Structure formats: C-alpha cells, structure tokens
Amino acid sequence: MERITITIDADLLRIVDTAMNRRGYTSRSEAIRDMIRDTAAHEEALSGDGPCVAVLDYVYDHTTRTLAQRLTEELHDHYDLSVASMHVHLDHERCLETTVLRGPNSALQKLSDTITTQRGVHNAHLHIIPLNKFSDD
Ligand code: NI
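Residues numbered from 1 in each chain as written. Predicted model: local features only at pLDDT ≥ 70, side-chain atom pairs only at ≥ 80, totals over all residues. Heavy atoms only, no water.

**Structural notes on the overall build of the protein**
Worth spelling out the cut-off: Helix and strand labels come from DSSP, where a helix needs a run of H or I of at least four residues and a strand needs a run of E of at least two; each type is numbered from the N terminus. The classification of residues rests on relative accessible area computed with a 1.4 Å probe and restricted to protein chains. Under 20% of the type maximum is buried, over 50% is exposed, and intermediate values are partly exposed. Contact criterion: two residues are considered in contact whenever any of their non-hydrogen atoms come within 4.5 Å of each other. All accessibility values rest on the Shrake-Rupley procedure with a 1.4 Å probe; residue burial counts only the protein chains present in the view.
Counting its regular elements, the protein contains 5 helices and 4 strands. Burial analysis of the protein (137 residues in total) assigns 26% to the buried set. In the protein, the share of contacts with a sequence separation of at least 24, taken over all contacts with a separation of at least 6, comes to 65%. On the protein, roughly 9700 Å² of surface is accessible, and the fraction owed to carbon and sulfur atoms is 53%.

**A look at the sheet that holds strand β3 (residues 94-104)**
Whether parallel or antiparallel, the strands of a sheet pair through hydrogen bonds between backbone atoms. Selection criterion: Pairing between strands requires that DSSP locate at least two bridges from one strand to the other. Axis geometry follows a simple rule: fit a line to the C-alpha atoms, using only the stretch in contact for helices, then measure angles between N-to-C directions, giving values from 0 to 180 degrees.
Strands sit in the order β2-β3-β1-β4 across an open sheet of 4 strands; the sheet is antiparallel. A strand with exactly one partner marks an edge of an open sheet, and here the two such strands are β2 (82-89) and β4 (121-130). Put simply, the sheet's adjacent strands are angled 10° from each other on average, direction ignored. Pairing of β2 with β3, which is carried by 7 bridges, proceeds in the antiparallel orientation. Note that in β3 the partner of His89 across the bridge is Cys95. Seen against the sheet, helix α3 (residues 67-77) touches β1 (51-61), β2, β3 and β4 and runs at an angle of roughly 170° to β1. The strands touched by helix α4 (residues 105-116) are β1, β3 and β4; relative to β3, the strand with the most contacts, the crossing angle is about 160°.

**As for the UniProt feature "binding site: Ni(2+)" (unreviewed entry) in the protein**
The cut-off we apply is this: UniProt positions are given in the numbering used here, feature names are shortened, and annotations may be inferred rather than shown by experiment. Under the rule applied, a polar contact is a pair of N or O atoms within 3.5 Å (in protein, one hydrogen donor and one hydrogen acceptor; residues adjacent in sequence only if both atoms are side-chain atoms).
In this numbering, the UniProt entry assigns the feature "binding site: Ni(2+)" (unreviewed entry) to His76, His87, His89 and Cys95. For His87, the position within the fold is in strand β2. Accessibility expressed as a relative area gives 33% for His87, which makes it partly exposed. Separated by 3.2 Å, the side chains of His87 and His89 make a polar contact. With a relative accessible area of 62%, His89 lands in the exposed category. Sequence-distant contacts of His89, defined by excluding residues within four places in its chain, comprise Arg94 and Cys95.

Here's what the structure looks like:
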C-alpha cells in the first residue's frame, strides 16, 4: 500500500469522521479508502461513449459575478445536449438548478465538468444513465 498526505478542510474532515462513526470504520484511512472505492466504481460506470441521458444538479450563488450568465451561456452553447432545466430560488443568494441532458456519454461528462468546476458552483451531482444498458435487461 502507498502512503499519501492530503490537505482537507475541517468541515470536510468532520463529515468524514461522522460517516466513519456511523458506518463503523476503525480508521480514517479505511473510511477514505472506501469513499475513493465508491468514486472509482462511479468512474467505471462513466466509461464508454454510448448514448445516455443524465440529470445534472448543482447549487450556485447567483450574486457571484457573471456566474449565472456563464452557466446559461454554457447550456445554450450545448442546446443539442440540454433537454430541459428547472431553476429553484433557494433563498436570496442560492439557486438550485437541475438539467436533463441527452447525448454521448463523453459529451455529457464534458459539459457537466465545464459547469461544475466553475468557482461558486457547489453540491454538484451528475447521474448518467446509459441507454444501451436497457436492451441488456
Ligand atoms: Ni434563482
């Protein structure tokens, strides 16, 4: 096994510790390894480039300079992938946006990455559903 050192903010570490206690891990390392395994499994599900639908959701602060405009422009630039969006005004600053996407796996991931890596976008989640899998059921 390799040993690495990571820097993590206190709030995030508290979440790791809470999950660790709730799920009964005996060490932070084991808890974090399992979280990384979950991510690895998720990454594997995202491999391939067949037709997919996806639900992308995220929270952002619409008072962040030009952010709302940039997010809208990004979706307009990909109108062929963006099926529909729902916008919820959570409070005075924060907005929740849920967008249904449809297209090749890699294109949906690329669009999602472009949106979710913007500074000021939080709690992002992309749920990709490969359409080819339906025919295997
Ligand atoms: Ni809003």
